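Each chain is listed here by its residues.
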Amino acid sequence: MNIGLQNLGKSFGARTLFEGVTLQLNAGSRYGLVGANGSGKSTLLKIIAGDEPSSEGVVTMSTGARVGVLRQDRFLDDRERIIDVAMQGDHIVWQALSEQARQAQSESPDPQRVADLEDRIAAHDGYTLEARASAILQGLGIPAPYEAPLSTLSGGFKLRVLLAQVLLGGPDALLLDEPTNHLDILSIRWLETFLEGYTGCALIISHDRRFLDQTATHILDVDYGTVTAYTGNYTAFEVEKAATRSRQEAEVARAEKIIAEKRAFVERFGAKATKAKQAQSRLKQIEKIEVEELAATTRRAPRLLFAPLRPSGRDVLEIEGVSKSFGPKQVLRNVSLSVRRGERVAVLGANGLGKSTLLHIALGRLKADAGEVRWGHETRVGFFAQDHHALLPDPNVTVIDYIWNLVPTEPTAFVRGQLGRALFSGPDVDKKVGSLSGGEAARLIFCRLMVEKPNVLVLDEPTNHLDLESIEALVESLRAFEGSIVFVSHDRWFVRALATRVLEVTPAGFRDFPGSYDDYLERSGDDHLDAQAVVLRAKQAAREAATAAPVQRDVDWAELKRRKNRQGLLPVLAPL
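This write-up is about the structure you can find in this document.

Definitions and limits used
Residues numbered from 1 in each chain as written. Predicted model: local features only at pLDDT ≥ 70, side-chain atom pairs only at ≥ 80, totals over all residues. Heavy atoms only, no water. Helix = DSSP H or I, 4+ residues; strand = E, 2+ residues; numbered from the N terminus. Buried < 20%, exposed > 50% of the residue type's maximum accessible area, 1.4 Å probe, protein only. Contact = heavy atoms within 4.5 Å. Areas by Shrake-Rupley, 256 points an atom, 1.4 Å probe, with all protein chains shown as cover. Lys, Arg positive; Asp, Glu negative; His and termini not counted. Charge placed at Lys NZ, Arg CZ, Asp CG, Glu CD. Pairing = 2+ DSSP bridges. Axes fitted to C-alpha atoms, helices over the stretch in contact; angles between N-to-C directions. Salt bridge = Lys/Arg side-chain N within 4 Å of Asp/Glu carboxyl O. Core = buried A, V, L, I, M, F, W, Y, C linked by side-chain atoms within 4.5 Å. Patch = residues over 30% accessible without salt bridge, like charges linked within 9 Å, V, L, I, M, F, W, Y side chains within 5 Å. Expected span 1.5 Å × (residues − 1).

1. Quick look at the overall build of the chain
Helix and strand counts for the chain stand at 19 helices and 18 strands. Residues classed as buried in the chain amount to 45% of the 576 residues present. For the chain, contacts bridging at least 24 residues in sequence account for 67% of all contacts bridging at least 6. On the chain, roughly 28900 Å² of surface is accessible, and the fraction owed to carbon and sulfur atoms is 51%. Placing the 71 positive and 75 negative side-chain charges of the chain at their respective mean positions leaves the two points 7 Å apart.

2. Digging into the sheet that holds strand β2 (residues 15–25)
One open sheet holds the three strands; their spatial order is β2-β1-β4, and the pairing between them is antiparallel. Edge positions in the open sheet fall to β2 and β4 (56–61), since each of these has one partner strand only. Strand after strand, the sheet turns through a mean of 20° between neighbouring axes, direction not considered. Strands β1 (3–12), β2 and β4 of the sheet are contacted by helix α1 (residues 41–49), whose axis makes an angle of about 125° with β1.

3. Quick look at unusual backbone geometry
A negative phi angle is the norm for most residues apart from glycine, just as the trans form is the norm for most peptide bonds. Cis rather than trans, the peptide bond between A144 and P145 has omega equal to 5°. Although it is not a glycine, N7 adopts a positive phi angle of roughly 50°. Topologically, N7 is positioned in strand β1. At H465, a position not held by glycine, the phi torsion is positive, near 75°. With a relative accessible area of 35%, H465 lands in the partly exposed category.

4. Side note on the pattern of salt bridges
Per the stated rule, a full pass over the model turns up 32 salt bridges. D78 is the salt-bridge partner of K158, the closest N and O atoms lying 3.0 Å from each other. One end of the pair, K158, is in helix α6 (residues 155–168); the other, D78, is in the loop between β5 (67–70) and α2 (82–87), and 80 residues separate them in sequence. When its relative accessible area of 32% is taken as the criterion, D78 is described as partly exposed. Each of D221, D223, K241, R299 and E469 takes part in one network of salt bridges that share partners.

5. A word on the nonpolar core
Within the largest apolar cluster, 76 residues are counted, with the highest numbers of intra-cluster contacts made by F306, L419, L444, L478 and F487. When neighbours within four sequence positions are excluded, L478 is seen to be in contact with F306, R344, L457, L459, I485, F494 and L498.

6. Describing the sheet that holds strand β18 (residues 509–514)
Read from one edge of the open sheet, six strands run β14-β15-β16-β12-β17-β18, paired in mixed fashion. Unpaired on one side and paired on the other, β14 (381–384) and β18 mark the two borders of the sheet. When the angles between neighbouring strand axes are averaged without regard to direction, this sheet yields 15°. Bridge analysis of strand β12 (residues 344–349) against strand β16 (residues 484–488) gives four bridges, and the strand direction is parallel. Paired with A346 across the bridge in β16 is F487. Strands in contact with helix α11 (residues 355–362) are β12, β14, β15 (456–460), β16, β17 (501–506) and β18; relative to β15, the strand with the most contacts, it is inclined by about 145°.

7. Some thoughts on a negative patch on the surface
On the surface, a cluster of negative charge is contributed by D110, D116, E118 and D119. By the secondary structure assignment, D119 is in helix α4 (residues 111–123).

8. Let's talk about the environment of D84
Looking at the element boundaries, D84 is found in helix α2. When the C-alpha atoms of D84 and A307 are compared, they prove to be 51 Å apart, with 223 residues separating the residues in sequence.

9. Focus: the side chain of H388
The residue H388 is located in the loop between β14 and α12 (399–404) in this model. Residue classification places H388 among the buried positions, given a relative accessible area of 9%. Apart from residues no more than four positions distant in its own chain, H388 is found in contact with G438, A441, A442, I445 and H465.

10. Looking at helix α14 (residues 438–452)
Between its first and last C-alpha, α14 extends 21 Å over 15 residues, near the 21 Å set by a 1.5 Å rise per residue. Taken across its 15 residues, α14 has 13 buried, putting it largely inside the fold. The positive-phi residue at the C-terminal boundary of α14 is K453, with phi of around 55°.

Below is the structure:
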C-alpha cells in the first residue's frame with residue numbers, strides 16, 4: 001500500500017511547522033522520520049494516522065487499508081490479559097473470536113452465525129493467533145506468563161505489549177513513534193529483523209542512529225519548514241544533506257558575488273556619460289539575478305561541558321559481593337566490580353537483569369541484601385536517572401530556580417549562561433519543570449550536572465528522549481570529560497562511541513570486557529547482540545590477512561603443495 005501526501009502543511013497560530021509537503025511513500029520501503037525535537041515529526045505522523053487534521057493539503061491511501069499505529073500516549077486497561085491485548089492487533093480475528101465466545105456462552109446460539117464466524121476465523125488464520133501473539137511477545141522480551149494481567153508489567157513492558165499489538169495486526173502500513181524506547185538491545189535486534197522482512201510501508205520516528213541505519217531505506221527530514229526525502233539510511237542521509245546544503249550556500253555566495261561586482265561597477269561609473277549605458281545594463285542584469293533565500297535550520301545542539309571541580313583518586317568504585325532480590329526473584333547475586341579513574345564503563349544486557357538496580361545500590365538509593373559498596377578518595381558523583389521525576393521532584397519550580405537552588409551564590413549571568421548551553425533561553429527559563437517535555441527534562445538534568453561539577457558520572461539511559469543532535473553533542477562532551485563514567489544504555493551507536501569497557505549482564509551473571517564495544521563484540525564470540533558487526537569484522541580480518549600474506553609467486557605450485565602437505569593442510573599425494 002502506498003501513502004500520498006499532497007501539498008501538506010501544518011501551522012499552530014503564527015508558527016508553521018512545515019508546508020508544501022508532496023511525497024509518495026511506497027510499499028516495501030521503510031522511512032525514517034527525523035528532525036529536531038518540536039520540529040513536527042510526531043505531528044506529521046498523527047496527521048497521516050488521521051489523529052490530527054492538517055492545516056492544508058491531503059493524505060491519500062488505499063480504501064480499506066489497514067494501518068498499524070504505535071502511539072506513545074495510549075492508555076491501557078491494567079485488568080486485561082497481556083496475550084489478549086496483543087491479540088487485539090488482528091482486529092478482524094479478535095472480533096470474530098470474541099463473538100464466537102459469546103455465541104458459545106449463549107443459551108440459544110445462532111448456528112448460521114457460528115458457521116460464518118468459523119469461516120472468517122479460518123480464512124484469516126485465526127486459530128494460530130494466540131501462537132503468533134506469543135511469538136511476538138517473546139521476541140520483544142516481554143516476560144511470561146502472558147495470561148497474567150497487564151498490571152504485572154512495568155510501564156516500559158506495557159509499551160512493548162502495544163508494539164506487539166501493532167505488529168501482529170498484519171497492517172498494510174506501520175506508523176511507529178519511537179518504537180525502540182524501553183527496548184533492550186536484544187529486543188531492538190529482533191525488531192530490526194522483523195522490519196527488514198516487512199513488505200508494507202513503514203514510517204518510523206526514532207532517535208536511535210544505529211536502528212535507523214539498520215532499518216531505513218529512506219529518510220524523511222523535517223527541517224527548513226518542510227519535509228525532504230532522501231534515499232538511503234541515516235548515515236547516507238547525513239552526507240547527502242550536508243552536500244546539498246553546501247551546494248546551495250555556494251550558489252547563493254556565487255550569485256551575491258556577481259551582484260556585488262555589478263553593483264560596484266554601477267557605483268563607480270554610473271555618473272559618467274561614457275559608461276552610463278553599461279551601468280544601466282548591469283542594473284537590469286542585477287534585477288534578473290535571483291538569489292535563493294535559504295531557510296534557517298531547526299536543528300540545534302546543546303553545548304554541554306562537564307568539568308570536574310577536582311580529580312578523584314585512582315580507585316573510584318569498589319563493589320564486593322552485592323546481592324539483591326525483589327520477593328522471590330533474585331536480580332543480583334554476589335556481584336563484584338571495580339572502576340578506575342578515567343574509565344567509561346558501559347553496562348549492557350536484557351531488561352530485568354539488574355542493571356539499573358546495580359546503579360541504584362552503588363549510589364545508595366537502594367539497599368542491597370548483602371555485600372558492600374565503597375567510593376574512592378575525593379569522588380564526587382553526579383547521577384542521571386532514567387526516570388526524570390526522581391531528580392525533578394517539584395513540578396512547580398521554574399527551570400531557572402531549579403538550577404539556581406543548586407548554586408545559590410552564583411550570579412544570574414552564570415545561571416542563565418549554563419541554561420543557555422542546555423538550550424534554555426528567553427521565556428524557556430521560566431517554564432515550570434512539570435511542563436517540560438522528555439527532551440527538555442533531560443537537558444535540564446545535564447545542566448544540573450554541569451553546575452554540580454562531579455568527577456564521576458553515573459548515567460541510566462541518558463539518550464532517552466534526546467534528538468540526534470543532542471546525542472551527538474552529549475557524546476562529544478562525555479569524551480572530553482576528565483573523570484569516570486558508568487552508564488547503562490541500549491543505544492548501540494552511543495555505546496560504541498563512548499565505552500572503553502563493557503560489563504555485560506546475563507542471566508548467569510556479569511561478564512567483564514576491557515576495551516571498546518567493537519572489542520567486546522569480537523572477543524565475546526557471540527553474535528546475539530549485533531550479528532552483522534561480527535560478520536563485518538570477520539570479513540575485514542580475512543581481507544587484512546589476505547593483504548598481509550600474499551602468495552609468494554617465486555615458489556612453484558609443486559613446492560607450495562609439498563609445504564601444505566607437511567603442515568597437514570592437504571592429504572599427502574602419492575607420486576605419479
